[in-house]
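Each chain is listed here by its residues.
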Amino acid sequence: MNPFKFGTIVENEFFTDRKEECQMLKQKLDSENHIVLISPRRFGKSSLVQKVLSEQNRP
Ligand SMILES: Nc1ncnc2c1ncn2[C@@H]1O[C@H](COP(=O)(O)OP(=O)(O)OP(=O)(O)O)[C@@H](O)[C@H]1O
Ligand SMILES: [Mg+2]
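Note that this is a predicted model, so its numbers are computed, not measured.

How each quantity is defined
- Residues numbered from 1 in each chain as written.
- Chains lettered and ligands numbered in written order.
- Predicted model: local features only at pLDDT ≥ 70, side-chain atom pairs only at ≥ 80, totals over all residues.
- Heavy atoms only, no water.
- Near = heavy atom within 4 Å.
- Polar contact = N/O pair within 3.5 Å; in protein donor to acceptor, adjacent residues only side chain to side chain.
- Areas by Shrake-Rupley, 256 points an atom, 1.4 Å probe, with all protein chains shown as cover.
- Nonpolar A, V, L, I, M, F, W, Y, C, P; charged D, E, K, R; others polar.
- Helix = DSSP H or I, 4+ residues; strand = E, 2+ residues; numbered from the N terminus.
- Buried < 20%, exposed > 50% of the residue type's maximum accessible area, 1.4 Å probe, protein only.
- Contact = heavy atoms within 4.5 Å.

**Topic: the site of ligand 1**
Then, number 1: Around ligand 1, a shell composed of 16 residues is seen, among which Lys5, Thr8, Arg42, Lys45 and Ser47 lie nearest.
Then, number 2: A distance of 3.0 Å separates an oxygen atom of ligand 1 from a polar atom in the backbone of Gly44.
Then, number 3: At 2.8 Å from an oxygen atom of ligand 1 is found a side-chain nitrogen or oxygen belonging to Lys45.
Then, number 4: Contact with the protein chains hides 83% of the accessible area of ligand 1, taken as 630 Å² for the molecule alone.
Then, number 5: Partitioning the shell around ligand 1 into residue classes produces 5 nonpolar, 6 polar and 5 charged.

**Brief notes about the side chain of Ser47**
Then, number 1: Structurally, Ser47 is set in helix H2 (residues 45-56).
Then, number 2: Given a relative accessible area of 10%, Ser47 falls into the buried group.
Then, number 3: Once residues within four sequence positions are removed from consideration, Ser47 is found in contact with Ile9, Val10 and Phe15.

See the structure below:
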């Protein structure tokens, strides 16, 4: 079985690393700041946001 998943948002065991980015994003949300994520396509922005929001219990 292919251990990688490509083309959609990745969650759970398919989501790797991004520990510093998760921490940074949580801090920004906690401080009620606005944040804009900028990167080339398919760098993992949506997956990162989804992971942090799912752990924060907020919409
Ligand atoms: N944390 C991660 N761990 C493993 N693979 C990842 C991770 N983040 C992204 N990927 C890989 O990159 C692909 C694109 O991720 P994602 O859709 O989150 O990126 P994106 O920056 O939002 O893309 P787009 O610019 O098209 O909106 C995923 O399908 C997956 O293969
Ligand atoms: Mg995206």
